[in-house]
Amino acid sequence: MALVLTTAAVPDGERLAYWRDALGRALVPTAVTARQDGPFEGRVCSERLGYLRIATIEADAQRLSRTPAHLTGADPAAACVAVGVQTAGTATLIQDGGRAFVGEGDLMVYDTGRPYSLDFPGRFTTHVVHLPRRALGLPEEDLRRVTGTAIAGTTGFGALLVNFLSSLTASVPPCAPAVATRLATGVVDLFATLVEERTQDDATPDGNPGDHLVLRVRDHIDRNLGDPDLSPQTVAAAHHISVRYLHRLFEGEGITVARLIQRRRLERCARELHRPEATAPTVSAVAQRWGFANPAHFSRVFRAAYGRSPREWRGARDELLPTG
């Protein structure tokens, strides 16, 4: 059931405090500063879609700030990546020292587990989707490349995600829990693909003649993760180059080929294990599907990457489900 909170019936002198509490209930606690004189007006509609929280905010000019004080005592495991679609008005997003201008039709991405501020200079409308970080199964360094940024909603996966989220958030369809979970998983997969697209673009500097080959190698790895024999040797053979030359190509990538294969496999496993579906496959089946032939090795490298065993990670998926 949707939670709808509006300042319409609140006395003028109490509206800002009411609005601050409303945003805290609908999304996460933040400080609110009005950017104009006169009675403040705002409306927020929030609801669940599977393990996602979706909100539409329509309000007067304001500045929202999530400060270190808001994060004190907060559970780091509950942190989300917020993806906003700016449908009316503009915004400036500040996080980790960076500043991004967000225009109409753009996406903005920020991490609720770190301080940020959002400055809306005029009346605005924005749709916000909170994606639990654990459901994404993406490495920290990749997430930090996209959080605190604005993404044009006119090209690539940015356009696809804007269109999908705009339709979804404008009217969240009533559906059975299993269907809601599938829709939530679709959002997570689209966002993860967007992250992968942008991190691959960042990883290939202009003018390097090996850029296209690196992209082909990365694509080959992603398409063959389920092959337990996937290795630097098989990757090099598939591209008719030596293993030595393959390693030279990846000297500027910040990761070895073997490590990239393992990281991609772990990401797929983490994402699949955290999906709260009653018919989800066993841990061993997930590991095998993504190329881990040795269960003990899989458990060891998974714990090293995510701080929990695969079974503990899977057990924590219930925390993603709505409680009411």
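See the structure above.
Attention here is on the structure that accompanies the text. Just so it is clear, the structure is predicted and the values come from calculations on it, not from any experiment.

Describing the nonpolar core
Grouped together as the largest cluster of nonpolar side chains are 31 residues, with contacts concentrated most on L107 and F191. Counting residues per element, the ones that place at least two in this core are β4 (52-59), β6 (80-88), β9 (107-111), β11 (124-132), α3 (133-136), α4 (140-146), α5 (156-170) and α6 (177-202). Ranked by residues supplied to this core, first place goes to α6 with 9 residues. In this structure, F191 is in contact with V81, V83, V109, L131, L136, L143, V146 and L161, ignoring residues within four places of it in sequence.

So, the pattern of salt bridges
Across all of its chains, the model carries 24 salt bridges by this definition. We note a salt bridge from R114 to E140, for which the minimum N-O separation is 3.8 Å. Separated by 26 residues along the polypeptide, R114 in the loop between β9 and β10 (116-120) and E140 in helix α4 bring together distant segments of the chain. R114 gets classed as buried once you look at its relative accessible area, which sits at 9%. We classify E140 as partly exposed; its relative accessible area is 31%. One network of salt bridges, with partners in common, ties together E141, D142, D222, R263, R264, E267 and R268.

A short note on the environment of A293
Here A293 lies in the loop between α11 (283-289) and α12 (295-306). Taking the relative accessible area as the measure of exposure, A293 reaches 67% and is therefore exposed. The spacing of A293 and V172 is 121 residues in sequence and 41 Å in space, taken between C-alpha atoms.

What counts, and where the lines are drawn
Residues numbered from 1 in each chain as written. Predicted model: local features only at pLDDT ≥ 70, side-chain atom pairs only at ≥ 80, totals over all residues. Heavy atoms only, no water. Core = buried A, V, L, I, M, F, W, Y, C linked by side-chain atoms within 4.5 Å. Buried < 20%, exposed > 50% of the residue type's maximum accessible area, 1.4 Å probe, protein only. Helix = DSSP H or I, 4+ residues; strand = E, 2+ residues; numbered from the N terminus. Contact = heavy atoms within 4.5 Å. Salt bridge = Lys/Arg side-chain N within 4 Å of Asp/Glu carboxyl O.

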